[in-house]
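Understanding the architecture of this molecule
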Amino acid sequence: MKAANSSRSKSEISFIVNGDRKTMRVHPMERLLDVLRQELGLTGAKEGCGEGECGSCSVLLDGILVNSCLIPVLQAKDSVILTIEGLAGIAELNCLQEAFLECGGAQCGICTPGMILAASYLLQHKPQATMEDIREGLSGNLCRCTGYSQIFEAVAEASRRKATA
Amino acid sequence: MTTGRIVGASVPRKEGRDKLTGKAQYVDDMQLPGMLYGATVRSRIPRGKIKKITFGPGIAWDEFTVVSAKDIPGKNCIALIVDDQSCLADGIVNHQEEPILLLAHADRHALPKAVDSIAIEYDPLPAIFTIEESESQSQIIWGTDNTFKTYLVEKGDVDGIWERADHIVEGEYTTGAQEQLYIENNGMIAAFDPQHGVTVWGSLQCPFYIHKALMSLCNLPADKVRVVQMETGGAFGGKEEYPSIIAGHAALLAIKSGCPVKIIYDRMEDMAATTKRHPSRTRHRTAVTKDGKILGGEIEFTIDGGAYTTLSPVVVSRGAIHAGGPYYRPNVRIRARAMATNAPPHGAFRGFGAPQSLFAVERHMNRIAQTVGLTPVEIRQRNFLKPGQTTTTEQAIRENIDLEKLLDRALQLSDYHSMKKRFAGENATGPAKKGIGIAAFLHGAGFTGSGERNLGSVVEVEACADGSVRVLVSSTEFGQGTKTVLCQIVAETLRIGYEDVTIAQADTDDVPNSGPTVASRTVMVVGKLVQSAALGIKQTLTAAGVIRPAYSAQEFRAACRAYVAAHGALRSSARFEAPSDVFWDDEKYRGEAYAAFAWAVYIAAVTVDMTTYSVSVDDFLALQEVGKVLHPVLARGQIAGGVAQAIGYTLYEKVVWQNGRMQNSQMTNYIMPTSVDLPPMRVFFEEMGNIHGAFGAKGIGELPMDGPAPAILNAVEDALQVSFDSIPLLPEDIYEKLASEAVVETEFR
Ligand code: FES
Ligand code: FES
């Protein structure tokens, strides 16, 4: 009975994720985070709190940084989504990624995909981000390991490298 | 001390690329075919007898696997130190959130409703929630006297000092609970089949703790229990003992259902049910001469252990040993106790008792300074431990540590004196009050006393068929850099490339027991073992005549390949052996408590906003001596991360209790520092070397948790000229104290 119930309420939803069009039957109120992780196997977005506080579930939805734990999948219908798995192919990530690796921006790594997406969103909008911009820009992403300072260094370093590249 | 090519260089983190691209596999990223989801039904009262359990209507119960205490094949306990904690409550509960039943279902959305529909009726029993209630024994909730463990440390003749004292300074200091708040919640997957037994994959620190707990719970022999660590998203001690419970729960559900079962806690469950840092109370009574020399005194250190023993005896021991701080006390008596309350058991958290007792002693040093009429700098200078002197456990300082020099350097780096002067001037008129505070402290690396000897850790290093070398340890990576540093040590030891060394996943079927990943022991103790196991590989290759003494990395690879091709395998192991000159008396708690201490001076500058009473840390300087720094970037990351966590402990993170349950178990109401809340952190190292660790390294991970709280509260005292002796220190606490002092002042006038 349970299964019948849930299939009745499912609907077809389609969006583009990391450049590929995906169409699936899901409950429209299912969280985008769960659809990405469970249906599509994109487990780079993590659940740290499930209530919009930690940013570890961050993805870019139509170019905007969002917490995917707060987005019903219905809202992502026909959108363009970028997750950490998709960002890996883009040149500027390599720069951020390298800087994170060199500066110690990732420790346990659980906040890292969200942090990288937030940082890349920030640098896209403020290529010459100041330290204040960086602190502000990443304030929606919690990290319990680093105390943030090496994350700031990594983002500043990436911004510098991009400016001179 | 040698600086090698690889040790001392900031090589890339071994698992860094996977973490940066989202490829790293954490437990919730893993799926098994036919997997069910598990959930836990927990007590909603702090203490009582379970009268009746009713499975509510409207739930298709036949679709669920239900496990209760009577389904446990082995012993219903979580084997650790004392077998007093059940895996599932059987008739009686002793704290809120105590596990009672387990449910599993293929659809995880079906679980919350099912859990909520189970009604449990209790005969409530009176519960106690504070150290004082526990001490008064108005209710006996554990053993005969509510006491998990007591220690007595005695040195010299304390009773003889009081009459020689010019001043007797007393103080009481308290600290609150703190949530570890790793960003990855706890989680486990278990699978069972009669042939292979139980396998669990999870987020964890100590694979062999879980291995031991599962053997006894499931009544299985060692070779039928396998524990595999997945990438672990932060731990800080919070995944030291509690994962044994979750692994046990997942295993019981897997055994009963015949399917793999995944249990992932959500944030609320994780915060409310799992361990936190022990709340504490420390009392100091110190005899001092008029020129500020400590003659000695009494220290009473007490922690709230919660409802079951878990690790509290070890936590209180470390706290007791650190209670004297980095000062020379010719006469001292330390009484330490871990008390039972009806809170969920408190547990391991970075620092492990030391942050609590060091907070007290470093606040108390300021109080002594005030009483005697010295500055915070002078009181410390006059009492610092010196080489040749002994600690409170009569451990002689054999290292060539110069704490006065360390303090001097910290004062210079922070520009302490001119800041202090400037603040005093500005505070007279300004709307905000600024202050600067110092904390000097130490942290013992490795297990206490005979701990390492009893553990007898084993590591292995193997040469692989492709010519690379692989490290096999149960020491786990959860952000600190275990994998990276152990590989660096092997590469340096064998004079081969860092990329030629890999490290095995911590899987109890593959790796030997190198002990738990706790107590800042990995680099110092396990690193040293890994180094000698690596040398064993070289010796074998040399003896077999396949390498010459001055080999190149390439030749080494070729030699490994040749040897493995000819002999099938090449493994070398090393087991911990206690140095013969180390003495420890477990009865009297006397002797060499730790193989090495790390030393530090931290300085915090703060502003107190006199409108909102909020404290912000404007500048933080952390100077430490941790022996050889093997990886500067990782080491700096450990310090900055620890300081941030400790700033949270001091100024933001308050666990709000109601009837023994955490009320603010969400990230929205339990506030940890964000990127805009933290000061610039200036991290410096002094390197003096240590004979015990690999390449002269000591432990580092816990040290930064110890100093920030007292440094910040000392700075607040400097800013307001009012003392605060309790953390967390929230704006309302400051407001209240200032308001009450203002009242007292007016009354006196
Ligand atoms: S999981 Fe979405 S913000 Fe924390
Ligand atoms: S690296 Fe662990 S939470 Fe950020």
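Higher on the page you've got the structure.
Now for a description of the structure that goes with this document. Predicted, not measured: the structure shown is a model, and the values here were computed from it.

It is worth spelling out the sheet that holds strand β27 (residues 681-686) of chain B at this point. Residue and element names in this part refer to chain B. If you trace the four strands from one edge of the open sheet to the other, you get β16-β23-β24-β27, paired in mixed fashion. Only two strands of the sheet have a single neighbouring strand rather than two, namely β16 (432-445) and β27. Strand-to-strand twist of the sheet, defined as the mean angle between neighbouring strand axes without regard to direction, takes the value 15°. Pairing of β16 with strand β23 (residues 596-609), which is carried by 14 bridges, proceeds in the antiparallel orientation. Note on β23: the bridge partner recorded for Ile436 is Ala605.

Turning our attention to the environment of Leu32(A). All names here are of chain A. With respect to the helices and strands, Leu32 occurs in helix α2 (residues 32-39). In sequence terms Leu32 and Asn67 are 35 residues apart; their C-alpha atoms lie 9.0 Å from each other. Non-local contacts of Leu32, meaning those with residues more than four positions away in its chain, are made with Phe15, Val59, Leu61, Ser68, Ile71, Pro72, Val73, Ala76 and Ile81.

Residues apart from glycine generally show negative phi values, whereas peptide bonds are mostly found in trans. Residues and elements named next belong to chain B. With an omega dihedral of 0°, the bond running from Ile727 to Pro728 counts as a cis peptide bond. Topologically, Pro728 is positioned in the loop between β28 (726-727) and α18 (731-748). Backbone geometry places Gln137, a non-glycine residue, at a positive phi of 55°. Its place among the elements puts Gln137 in the loop between α3 (131-136) and β7 (147-155). Accessibility expressed as a relative area gives 36% for Gln137, which makes it partly exposed. One non-glycine residue with positive phi stands out, namely Tyr589, at about 55°.

All right, on to helix α7 (residues 149-164) of chain A then. The terminal C-alpha atoms of α7(A) lie 23 Å apart, and with 16 residues this matches the ideal 22 Å at 1.5 Å per residue to within 8%. Considered for burial, the residues of α7(A) that qualify are Ser149(A), Gln150(A), Ile151(A), Phe152(A), Ala154(A), Val155(A), Ala156(A), Glu157(A), Ala158(A) and Ser159(A).

With that settled, consider the interface of chain B and chain A. The partner chain A presents 48 residues to the 55 residues of chain B that form the contact. Contact with chain A buries area across many residues of chain B, yet Leu20(B), Ile183(B) and Ser675(B) alone supply 19% of it, more than any other trio. Counting across the interface, chain B meets chain A through seven salt bridges. A salt bridge links Asp34(A) to Arg108(B); the nearest nitrogen and oxygen atoms lie 3.7 Å apart. The tally of links between chain B and chain A comes to 27 residue pairs in polar contact (both at pLDDT 80 or more). For the side of chain B that touches chain A, the secondary structure elements donating two or more residues are α1 (16-21) and α16 (632-651) of chain B. Top contributing element to the side of chain B that touches chain A by residue count: α16(B), with eight residues. A breakdown of the residues in the side of chain B that touches chain A according to their chemical character gives 21 nonpolar, 21 polar and 13 charged.

Conventions and cut-offs
- Residues numbered from 1 in each chain as written.
- Chains lettered and ligands numbered in written order.
- Predicted model: local features only at pLDDT ≥ 70, side-chain atom pairs only at ≥ 80, totals over all residues.
- Heavy atoms only, no water.
- Pairing = 2+ DSSP bridges.
- Helix = DSSP H or I, 4+ residues; strand = E, 2+ residues; numbered from the N terminus.
- Axes fitted to C-alpha atoms, helices over the stretch in contact; angles between N-to-C directions.
- Contact = heavy atoms within 4.5 Å.
- Buried < 20%, exposed > 50% of the residue type's maximum accessible area, 1.4 Å probe, protein only.
- Expected span 1.5 Å × (residues − 1).
- Buried area = accessible area lost by both parts, 1.4 Å probe.
- Salt bridge = Lys/Arg side-chain N within 4 Å of Asp/Glu carboxyl O.
- Polar contact = N/O pair within 3.5 Å; in protein donor to acceptor, adjacent residues only side chain to side chain.
- Nonpolar A, V, L, I, M, F, W, Y, C, P; charged D, E, K, R; others polar.

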